[in-house]
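Architecture and fold: a report
Take a look at the letters that make up each chain.
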Amino acid sequence: MPDPFLPFALPEIGDEEIAEVVDSLRSGWITTGPKTRRFEEDFGAYLGGNVECIAVNSATAGLHLALEALGLGPGDEVIVPTHTFTATAEVVRYLGADPVFVDVDPGSYCIDPVLVRKAITAKTRLLLPVHFAGLSCDMSALCSIAKEYGLEIVEDAAHAFPTRCGGRLIGQFDTAATVFSFYANKTIATGEGGMLVTQRPDVAKRSRIMRLHGIDRDAFNRFTSKTPAWYYEVVAPGFKYNMSDIAASLGLQQLRKIDRFQARREELAHRYDRGLSGLPLRAAPRPSDHASTHAWHLYVVQVLPSARLDRDALIQGLYDLGIGCSVHYVPLHRQPYWRDRYKLRPQQFPVSDELYRRCVSLPLYTRMSDSDVDRVVAALHHLLG
Ligand SMILES: *Cc1c(COP(=O)(O)O)cnc(C)c1O
């Protein structure tokens, strides 16, 4: 009997999540309501410090709201890494502004602060770094550049829950906003969902209004306050970005498990590290000091030139052995829309382009057993050894 297919990613949904969702369904409150509010409070309590959390139906929505709240518009430039998912840059275009693409650091695969500095022009308004794979960007370098040039920072933390940089959780830094994703394959999953985290009252207020049609109170306030509050005011053409209590039910219970999830992902990553040593692969980057924590959303290896298979052949070989993999990412400078609109060439982004040609994301999720990792390791030894 061949082994069953080992997928690239799977969420871990337990009885607790199922019971919480059923409770919402039975309660009759299935849109934004008490559980969304509780999820926001619990998420803020986990991050600690004086943060406001605004639950949304995707990280993309959260990024859009944060940029809108900061007044980004046509003529503005936003510095983004090329090595990311298209959502990071597309929200800039939603507002008519332009992303400026920057290469990544070969050590961390996160945006390179030296190149960020070189990309700043008179039009630059904002830095939009990505904590790639769950390893933090160089926050002290980015924060000091932002301060020096008077720029805002919005963090794409879709991979970065929970990530620490110099002892501080991502979400606690003094940036304009940090946005987490709870998409199906992220470190906690609500199916679709995200969280905008901010310490800035102006960003929080505007985002809450724009999250739901530009109405300045949400349904919870409208329908549950003591007086029958049927009156509301529309102050802007807002969006439909609110989180449902069904999704928040998942989030509430996933959040309670996050430390166990992170520890398990780290354990699996270390098992890969040990198993893959000696192969013509470059192991996944790891934190440079003990005060940093890797969320281990992804385990990305690079196929070295000395390997007997190239990246594409390796992924095919793993697939034929019943193992799912992925590639993070086809960089934005290679995507037709971004490439053509901004006349981008691979030579402008040598680190990202080389990474793209060599990278494979191996399966990494809490439901994997040690022997699942061993099976992937054995397959890699078989194909490359
Ligand atoms: C997943 C992801 C997003 C988008 O998250 P959604 O919740 O699906 O909108 C944004 N940026 C990065 C880097 C991602 O991986």
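As a further point, take the overall build of the protein. Looking only at helices and strands, the protein has 14 helices and 12 strands in total. Its C-alpha atoms give the protein a radius of gyration of 21 Å, near enough to 21 Å, the size a compact globule of 385 residues would have. When the backbone C-alpha atoms are referred to their principal axes, the protein occupies close to 70 × 55 × 40 Å. Scored against the burial criterion, the 385 residues of the protein give a buried share of 56%. Of the contacts made within the protein by residues no fewer than 6 positions apart, 73% connect residues no fewer than 24 positions apart. Entry remark: accessible area of the protein is about 16,400 Å², with carbon and sulfur atoms responsible for 54%. Taking the average location of the 42 positive side-chain charges in the protein and that of its 45 negative ones, the two points are 2 Å from each other.

Let's shift gears to the environment of Y299. One can find Y299 in strand β11 (residues 299-303). As for Y299 and V21, which are separated by 278 residues in sequence, their C-alpha atoms are 30 Å apart. The residues contacting Y299, other than those within four sequence positions of it, are A269, Y272, D273, L276, A283, A284, V360, S361, L362 and L364. At 2.5 Å, the side chain of Y299 and the side chain of D273 are in polar contact.

Paired through their backbone hydrogen bonds, the strands of a sheet run either parallel or antiparallel. Strand order in the open sheet formed by seven strands is β1-β9-β8-β5-β4-β2-β3, with mixed pairing between adjacent strands. In the strand order of this sheet, the two ends are held by β1 (52-56) and β3 (98-102), each with one partner. On average, adjacent strands in this sheet sit at an angle of 25 degrees to one another, irrespective of strand direction. In the packing of helix α2 (residues 34-47) onto the sheet, the strands contacted are β1, β8 (177-181) and β9 (194-198), and the crossing angle to β1 comes to about 135 degrees.

Right, let's get into the domain arrangement of the protein. Each assigned domain of the protein is listed with its residue range as follows: domain 1 (15-256) and domain 2 (258-384). Put simply, the middle of domain 1 and the middle of domain 2, counted by C-alpha atoms, are 26 Å apart. Listed per partner, the contact involves 42 residues of domain 1 and 36 residues of domain 2. For the pair domain 1 and domain 2, the summed buried area comes to about 3,200 Å², and 61% of that belongs to carbon and sulfur atoms. When the buried surface of domain 1 facing domain 2 is broken down by residue, H83, F101 and Y109 rank first, second and third, together holding 20% of it. At the boundary of domain 1 with domain 2, the tally comes to one salt bridge. D98 is paired through a salt bridge with R341; the nearest N and O atoms lie 3.4 Å apart.

Another point: the site of the ligand. Close to the ligand lie 16 residues; T60, D156, H159, S181 and K186 are nearest. In this structure, an oxygen atom belonging to the ligand sits 2.5 Å away from a side-chain N or O atom of T60. Considered on its own, the ligand offers 380 Å² of accessible surface; in the complex 93% of this is hidden by protein. Of all the elements in the fold, those that place two or more residues in the shell around the ligand are α3 (59-69) and α4 (86-94). The residue makeup of the shell around the ligand, split by class, is seven nonpolar, seven polar and two charged.

α4 packs onto α3 with a crossing angle of 40 degrees between their chain directions and a minimal axis gap of 9 Å. Viewed along their axes, α3 and α4 adopt a mutual orientation that is oblique. In this structure, α3 meets α4 at a crossing whose hand is right-handed. Residues T60, L63, H64 and L67 of α3 form the contact with α4, whose own contacting residues are A87, T88, E90, V91, V92 and Y94.

What counts and how
Residues numbered from 1 in each chain as written. Predicted model: local features only at pLDDT ≥ 70, side-chain atom pairs only at ≥ 80, totals over all residues. Heavy atoms only, no water. Helix = DSSP H or I, 4+ residues; strand = E, 2+ residues; numbered from the N terminus. Rg over C-alpha atoms; globule rule 2.2 N^0.38 Å. Buried < 20%, exposed > 50% of the residue type's maximum accessible area, 1.4 Å probe, protein only. Contact = heavy atoms within 4.5 Å. Areas by Shrake-Rupley, 256 points an atom, 1.4 Å probe, with all protein chains shown as cover. Lys, Arg positive; Asp, Glu negative; His and termini not counted. Charge placed at Lys NZ, Arg CZ, Asp CG, Glu CD. Polar contact = N/O pair within 3.5 Å; in protein donor to acceptor, adjacent residues only side chain to side chain. Pairing = 2+ DSSP bridges. Axes fitted to C-alpha atoms, helices over the stretch in contact; angles between N-to-C directions. Domains from an automatic or database assignment. Buried area = accessible area lost by both parts, 1.4 Å probe. Salt bridge = Lys/Arg side-chain N within 4 Å of Asp/Glu carboxyl O. Near = heavy atom within 4 Å. Nonpolar A, V, L, I, M, F, W, Y, C, P; charged D, E, K, R; others polar. Parallel < 35°, antiparallel > 145°, perpendicular 65-115°, else oblique. Left-handed = near helix turned anticlockwise from the far one by under 90°.

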